Amino acid sequence: MFSFGKKSVAAVLILLILIAVVGWAWRQRSSLPYITKPLQLAAAPFEYGTAWIMDKFSSAAYLVEINLKNRIEWEALEKENAALKEHSVDYDELAAENKRLRDLLDFRNTHGQYKLLASSVISRDYGTWSNTLIINAGSKDGVEMNMPVITPNGVVGFISDAFDYSARVQLMTDPRTSVGAIVERPESRVSSVVRGNGNVPTEPQFVNIAKDADILEGDTLVTSGFGSIYPKGIYIGKITSIHQNDSDFVKYAVIETGVDFSKLEEVFVILNAQSGQSYDKPGVEPKLVPQTKRDKVEGVKGAAAL
């Protein structure tokens, strides 16, 4: 138990009196400046310090609040941006697929002479000595070995293996593949074979051409129909360069294929073709070069032997 003596009681009373006097003086500060002014001067540092601390605390709290708000808004914007990018990718993919399928449908509708089976590419095997791909159509769909495979842009290859629900396509860029080809230009009609190039798979070659044969850069090549696989007139590509050695009796030409094999996603398998029918590649017309004009451009090297 605490006990208070007379001194303690006196001290408490004095303190209370001082507090009362200070409070009264503060209320009367306008009429008693000689008392309140010293009190204000004494309290000023404490008031300034307290105001400074409260201002800094308020500023810090405001900055924290702003940072938290900005962080929340930034995360929301990042999520929205990611969603928009995903939506844009999906839209672009759907637009590209729609264009490809529309082109395939238009091609089928304008080439009724062929029974065409559309299929999708499900895997690829592009090597130096093997250029093949797998499609999702097989013997259950009527696919058989040695059936030609094409796109609206031209020759792709042929069926080398047929399974129940899939098939392997050996591409025309495969070094093992030979495609009978003929120059479409009426003044030339040079025929030979196009073979895959093992050294440069993207550049098949029109080979075994007579040294004096009439071929020119830019000539269009189509299937000759001389083999047992491809119908006549299917677009192959165009000649980009011609090569020969003076000591050789033959020359060859490098071909730019109509099909971009790096972007193949859908193809057509020709299940049957009516004899006597030919393939017309949309947008490709025979290249007619008058003999005199050709000679002026190419010289006697491009002229056919008489």
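Here, the structure is the one placed above.
Residues numbered from 1 in each chain as written. Predicted model: local features only at pLDDT ≥ 70, side-chain atom pairs only at ≥ 80, totals over all residues. Heavy atoms only, no water.

Draft legend 1. Quick peek at the overall build of the protein chain. When helices and strands are tallied, the protein chain shows three helices and 12 strands. In the protein chain, which comprises 306 residues, the share counted as buried stands at 33%. Considering only intrachain contacts with a sequence separation of at least 6, the fraction spanning at least 24 residues in the protein chain is 60%. (Helix = DSSP H or I, 4+ residues; strand = E, 2+ residues; numbered from the N terminus. Buried < 20%, exposed > 50% of the residue type's maximum accessible area, 1.4 Å probe, protein only. Contact = heavy atoms within 4.5 Å.)

Draft legend 2. Here's a closer look at the pairing of strand E8 (residues 205-210). Direction of pairing for strand E7 (residues 191-195) relative to E8: antiparallel, over a ladder of three bridges. Each residue of the ladder has a partner; that of Arg195, found in E8, is Gln205. Judged from the four bridges that link them, E8 and strand E11 (residues 250-257) form a sheet pairing that is antiparallel. Along E11, the bridge assignment pairs Ala210 with Val250. (Pairing = 2+ DSSP bridges.)

Draft legend 3. Focus on the environment of Phe163. Topologically, Phe163 is positioned in the loop between strand E4 (154-162) and strand E5 (167-171). When sequence neighbours within four positions are dropped, the list of residues in contact with Phe163 reads Gly138, Ser139 and Arg168.

Draft legend 4. Representation of the pattern of salt bridges within the structure. As enumerated under the stated definition, the model contains six salt bridges in all. A salt bridge links Arg168 to Asp161, with the shortest nitrogen-to-oxygen separation between them at 3.1 Å. Among the residues examined, Asp161 registers a relative accessible area of 30% and is labelled partly exposed. Between Arg185 and Asp214 there is a salt bridge, with its nearest N and O atoms 3.3 Å apart. Taken together, the residues span a long stretch of sequence, with Arg185 in the loop between strand E6 (178-183) and E7 and Asp214 in the loop between E8 and strand E9 (220-223) at a distance of 29 residues. Under the relative-accessibility criterion, Asp214 is labelled buried at 3%. Within the structure, one salt-bridge network assembled from shared partners comprises Arg185, Glu187, Asp214 and Asp219. (Salt bridge = Lys/Arg side-chain N within 4 Å of Asp/Glu carboxyl O.)

Draft legend 5. Summary view of a nonpolar patch on the surface. Among the surface-exposed residues, Val9, Val12, Leu13, Leu15, Leu16, Ile17, Ile19 and Val21 lie close enough to one another that they form a single nonpolar patch of about 740 Å² accessible area. Looking at where Leu13 falls in the secondary structure, it is placed in helix H1 (residues 6-27). (Patch = residues over 30% accessible without salt bridge, like charges linked within 9 Å, V, L, I, M, F, W, Y side chains within 5 Å. Areas by Shrake-Rupley, 256 points an atom, 1.4 Å probe, with all protein chains shown as cover.)

Draft legend 6. Region of the structure containing the nonpolar core. Val156, Ile159, Phe206 and Val269 are the most contacted members of the largest nonpolar core, which totals 45 residues. In terms of residues, this core owes the most to one element, strand E12 (residues 266-273), which gives five residues. Non-local contacts of Val156, meaning those with residues more than four positions away in its chain, are made with Val149, Ile150, Thr151, Val169, Gln170, Leu171, Met172, Val259, Phe261, Leu264 and Val267. (Core = buried A, V, L, I, M, F, W, Y, C linked by side-chain atoms within 4.5 Å.)

Draft legend 7. Representation of the layout of surface pockets in the model. Of the pockets and cavities examined, the largest pocket occupies roughly 370 Å³. The wall of the largest pocket is formed by 15 residues, among which Arg100, Thr151, Asn153, Lys263 and Glu266 lie closest to the centre. Across the lining of the largest pocket, the residue classes tally to five nonpolar, three polar and seven charged. Built from parts of two domains, the lining of the largest pocket gets at least three residues from each of domain 1 (34-111) and domain 2 (116-270). Approximately 230 Å³ is the volume found for the second largest pocket. Thr173, Pro201, Thr202, Phe261 and Ser262 are the residues nearest the centre of the second largest pocket, which is lined by 12 residues in total. Class assignment for the residues of the lining of the second largest pocket results in five nonpolar, five polar and two charged. (1 Å grid on protein atoms, 1.4 Å probe; cavity = no way out; pocket = protein on both sides within 12 Å on 5 of 7 lines; lining within 4 Å. Points joined across faces, edges and corners; volume = space filled by probe spheres on them. Nonpolar A, V, L, I, M, F, W, Y, C, P; charged D, E, K, R; others polar. Domains from an automatic or database assignment.)

Draft legend 8. Representation of the side chain of Gln170. By the element assignment, Gln170 lies in strand E5. On the basis of relative accessibility, which here comes to 8%, the residue Gln170 falls in the buried class. A distance of 2.9 Å separates a polar atom in the side chain of Gln170 from a polar atom in the side chain of Thr177. If near-sequence neighbours (up to four positions away) are discounted, Gln170 is found in contact with Asn131, Thr132, Val156, Gly157, Phe158, Ser160, Arg176 and Thr177. (Polar contact = N/O pair within 3.5 Å; in protein donor to acceptor, adjacent residues only side chain to side chain.)

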